[in-house]
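# Structural characterization, general
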Amino acid sequence: QVQLVESGGGLVQPGGSLRLSCAASGIIFKIYTMDWYRQAPGKERELVATFTSGGVTTYADSVKGRFTISRDNTKNTVYLQMNSLKPEDTAVYYCGAHWANARSYWGQGTQVTVSS
């Protein structure tokens, strides 16, 4: 059974930091591209960051310089370090995994709220 389980969300003040984690099981983690998405109320799902199996990372313009995606293939875990958080970062954050034409998998999401 494939599972992606996000954790680390919560309430933080503007300018604060959070680190999200996504633990994967049931896949050959090291060959998968791992992604972080977010969805705010009333808005479309947004791709935040991507980390390919070849080590290429990409970021949405809205988070460049503030967020960092990383992965630990020995722990089957992908992380999203979120610094200098802004109220507009408030959303449910989801991790995803995909490889070639295989089925894509998604976690259940974790809530991030940035508010004073």
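This text goes with the structure placed above it.
Residues numbered from 1 in each chain as written. Predicted model: local features only at pLDDT ≥ 70, side-chain atom pairs only at ≥ 80, totals over all residues. Heavy atoms only, no water.

## Details of the pairing of strand β3 (residues 18–25)
Residues in a regular strand point their side chains to alternate faces of the sheet. In this structure, strand β1 (residues 3–7) lies alongside β3, joined through five bridges in antiparallel fashion. Note that in β3 the partner of Ser7 across the bridge is Ser21. As defined by bridge partners, β3 adjoins strand β8 (residues 77–82) across six bridges and the pair is classed as antiparallel. Directly across from Ala23, in β8, lies its bridge partner Thr77. (Pairing = 2+ DSSP bridges. Helix = DSSP H or I, 4+ residues; strand = E, 2+ residues; numbered from the N terminus.)

## What to know about the packing of aromatic side chains
Both the distance between ring centres and the angle between the ring planes are used here to describe each pair of aromatic rings. Tallied over the entire structure, the rule returns two aromatic pairs. Taking the centre distance of 6.3 Å and the plane angle of 40 degrees together, the rings of Tyr32 and Trp99 count as tilted. One end of the pair, Tyr32, is in the loop between β3 and β4 (33–39); the other, Trp99, is in the loop between β9 (91–98) and β10 (105–106), and 67 residues separate them in sequence. Residue Tyr32 is classed as buried on the basis of its relative accessible area of 7%. Geometrically, the ring pair formed by Tyr37 and Trp106 is edge-to-face, given 4.8 Å between the ring centres and 65 degrees between the ring planes. Of this pair, Tyr37 sits in strand β4 while Trp106 sits in strand β10, and the two are 69 residues apart along the sequence. (Phe/Tyr/Trp six-rings, centres within 6.5 Å; stacked < 30°, edge-to-face > 60°. Buried < 20%, exposed > 50% of the residue type's maximum accessible area, 1.4 Å probe, protein only.)

## A few points about the pattern of salt bridges
Taken as a whole, this structure holds four salt bridges when the rule is applied. Residue Glu46 pairs with Arg38 through a salt bridge whose shortest N-O separation is 2.8 Å. For Arg38, a relative accessible area of 7% puts it in the buried group. When the shortest N-O distance is used, the salt bridge between Arg38 and Asp89 registers 2.9 Å. Within this pair, whereas Arg38 is found in strand β4, its partner Asp89 is found in the loop between β8 and β9, the two being separated by 51 residues in sequence. (Salt bridge = Lys/Arg side-chain N within 4 Å of Asp/Glu carboxyl O.)

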